[in-house]
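# Structure assessment
Each chain is listed here by its residues.
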Amino acid sequence: ALIEEVDTRLEAGQLNLATRIRLIGVVEGIATGDALDLLMKCVDSPDLAIRNQSVLSMWRTGRDPMAPTPPRQWVHRELVREIALLDRYMQVRNLVRGDSVRRRFFLDEVSSLQLQCETRAFRLIGMIYSRAAMHRAYLNYRSSGRRTRSNAIELLDQHIRDPELREFVGIIERGLEDIPEVAEAGTLDGSDAEVAKLLGRDAPWLDRCWVWATAEESIPRIGTVTGEFLSHDPMDMVFLLKSVPLFAGLSGEQLLPVADIVQRVTFERGDVVFEEDQPGLHVYLILEGEVEVIHDGEQVATLGEKECFGEMALLDQSKRSASIRCLADVVLLAISRDDFQDLLDLHPALAKGVIRVLTRRLREANEEIEVAKSATA
């Protein structure tokens, strides 16, 4: 009855993505035949986040030797699908020409989808071949060490015997011949029309990115944001958010929902955004201007463009630890507590971004303390 209820709620399409991901986690914990059937159904979701989570849940369920396993024929079908996607991503990356910031953004998105596809494929392969060997290959196949990468490829080559699936070995090997730190322009002769044709209707996100990437319009930058900016193409906002350290670990596709939930707010010089000891209801990102952080009546820090504040009160439900006052006219993006919590649940990379921000601030505070000690010594 529970599985049927979850299935009904997922089918209704009225739940946000974070709730659907949590429901899939509930199904994972049940680990029955009916639960497996629902996870297999969710793997076919057009929503990439649902597909990723469903494959991950099936992989984790497989740790229990008593849990039901998906039919080999079904896994084979899904793997063929993933291999075809990987091949397409590699073709697209080789065809894209030019070095504009928009095209580099597009190539980064292709690389992100390629990495997610590879991850799903490794987990699916582990459902029909040696789980331990495929997991070792997955952990090492993108290693910076050439020998480690070669060992991972050799593991794949030794275990995958199905002729249709062996193509995965070749694709991984070609893709790792020279791992770039960032996406690079294509190396084959091609045209924009060929790229668009290769993307097709079944790659809506990449197609949307490509249309945006090949447009000639200028891109708003942080520091030059106007009041009309948010009424334009949401892709501009996604691009802007991607340049912010807090969100750097998320792909553009993952940032698209963020672009829908952020609220633009403005303050004048001298305005107080919030006071110390107030409840924390929003996290803020500075698009323009500068603010000062005030604790116990003293300025303890200043923050500028691309920096965020207010996240600590959202993490532990505590009151604001400091006041924020504007040193100039500012433009902020605000994300509510509930929306921010959903984002953290969905994207572990965002949590890492928050940790990086807090770690940097702690390090800077410690350095200031050491300087003060040296001055008084």
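Note that the structure is predicted; figures quoted are calculated from it, not measured. (Residues numbered from 1 in each chain as written. Predicted model: local features only at pLDDT ≥ 70, side-chain atom pairs only at ≥ 80, totals over all residues. Heavy atoms only, no water.)

## Observations concerning the confidence of the model for the chain
Where we set the bar: Each residue gets a pLDDT score, which is the predictor's confidence in that residue and runs from 0 to 100. Residues count as neighbours in contact if any of their non-hydrogen atoms are within 4.5 Å of one another.
For the chain, the average pLDDT comes to 85, and 87% of its residues sit at 70 or higher. Scored below 50 in pLDDT, residues 178-189 shows 26 contacts in the model against residues more than four places distant or in partner chains. Below a pLDDT of 50 lies the segment residues 225-229, which in the model reaches nine contacts outside its immediate sequence neighbourhood of four places, other chains included.

## Here we look at the environment of Tyr 141
Applied cut-off: Where helices and strands are cited, they refer to DSSP runs of H or I of at least four residues and of E of at least two residues respectively, numbered from the N terminus. Buried means the residue's accessible area, taken with a 1.4 Å probe over protein chains only, is under 20% of the maximum for its type, while exposed means over 50%, and partly exposed covers the values in between. Here a polar contact is recorded for every N or O atom pair within 3.5 Å, except that within protein the pair must consist of a potential hydrogen donor and a potential acceptor, and residues adjacent in sequence are included only if both atoms are side-chain atoms.
For Tyr 141, the position within the fold is in the loop between α7 (131-140) and α8 (146-159). The exposure class of Tyr 141 is buried, given its relative accessible area of 2%. The spacing of Tyr 141 and Ile 153 is 12 residues in sequence and 6.7 Å in space, taken between C-alpha atoms. Engagement of the side chain of Tyr 141 in a polar contact is seen with the side chain of Arg 142, the distance being 3.3 Å.

## Considering the nonpolar core
What counts is decided by this rule: Here, nonpolar core refers to any group of buried Ala, Val, Leu, Ile, Met, Phe, Trp, Tyr and Cys residues whose side-chain atoms link them within 4.5 Å.
By size, the foremost hydrophobic cluster in this structure holds 100 residues, and its most contacted members are Phe 106, Leu 156, Phe 168, Leu 206 and Phe 247. Apart from the residues within four sequence positions on either side, Phe 247 is in contact with Leu 241, Leu 255, Val 258, Leu 285, Ile 335 and Leu 350. Ranked by size, the runner-up nonpolar core spans 14 residues in total, among them Phe 309, Cys 326, Val 330 and Ala 334.

## Brief notes about the packing of aromatic side chains
Put simply, the rule is: Each Phe, Tyr or Trp ring, with Trp reduced to its six-membered ring, pairs with another whose centre is within 6.5 Å; inter-plane angles below 30 degrees give stacked pairs, above 60 give edge-to-face pairs, and intermediate values give tilted ones. By the criterion adopted, a ring carries a charge over it if an Arg CZ or a Lys NZ lies within 6 Å of its centre and within 35 degrees of its normal.
This model, assessed by the stated rule, comprises 11 aromatic pairs. Where Tyr 138 meets Tyr 141, the ring centres are 6.2 Å apart and the plane angle is 25°; that geometry is what we call stacked. On the basis of relative accessible area, Tyr 138 is assigned to the partly exposed category, the value being 23%. Taken together, the ring pairs in this structure connect Phe 122, Tyr 138, Tyr 141 and Phe 168 into an aromatic cluster. Above the ring of Tyr 129, the side-chain terminus of Arg 72 is found at 5.4 Å from the ring centroid. Here the basic side chain of Arg 320 rests over the ring of Phe 274, its NZ or CZ set 4.0 Å away from the ring centre.

## Focus: the sheet that holds strand β3 (residues 282-288)
Selection criterion: Any two strands with at least two DSSP bridges between them are considered paired. In this description, a line fitted to the C-alpha atoms serves as the axis of each element, helices being fitted only across the stretch in contact, and the angle between N-to-C directions of two axes falls anywhere from 0 to 180 degrees.
The sheet built from four strands is open, its strands ordered β1-β8-β3-β6 with antiparallel pairing. The open sheet has two edge strands, β1 (263-267) and β6 (308-309), and neither has a second partner. Pairing between β3 and β6: two bridges, direction antiparallel. Counterpart to Leu 285 in the pairing with β6 is Cys 308. The strands touched by helix α15 (residues 337-346) are β3 and β8 (330-336); relative to β8, the strand with the most contacts, the crossing angle is about 70°.

## Some words on empty space enclosed by the protein
The method is simple in principle: a probe with the dimensions of a water molecule rolls over the atoms, and the space it marks as empty is what remains. Here is the rule: Space inside and on the surface of the protein is sampled on a 1 Å grid over the protein atoms alone, with a cavity defined as a set of points where a 1.4 Å probe fits but cannot get out and a pocket as an open set with protein on both sides within 12 Å along at least 5 of 7 lines; lining residues have an atom within 4 Å of a point. Grid points are joined across faces, edges and corners, and a volume is the space filled by probe spheres set on the points. Classes in brief: Ala, Val, Leu, Ile, Met, Phe, Trp, Tyr, Cys and Pro nonpolar; Asp, Glu, Lys and Arg charged; the others, Gly included, polar.
Following the criterion strictly, the structure yields three cavities of 30 Å³ or more and no others. Put simply, the largest cavity is a space of about 70 Å³. Every residue lining the largest cavity is listed: Leu 241, Leu 246, Phe 247, Val 262, Val 283, Tyr 284, Leu 285, Cys 308, Leu 333 and Ile 335. For the lining of the largest cavity, the secondary structure elements donating two or more residues are β3 and β8. No other element matches the three residues that β3 contributes to the lining of the largest cavity. Residue composition of the lining of the largest cavity, by class: 10 nonpolar, no polar and no charged.

## Some remarks on α7
In an α-helix, one turn spans 3.6 residues, which is why side chains three or four residues apart end up on the same side. The test is simple: Here the arc refers to the directions that run from the helix axis out to each C-beta atom.
Residues of α7 that are buried include every one of Ala 133, Met 134 and Ala 137, and no others. An end-on view of α7 places all buried positions within 95° of arc, on one side of the element.

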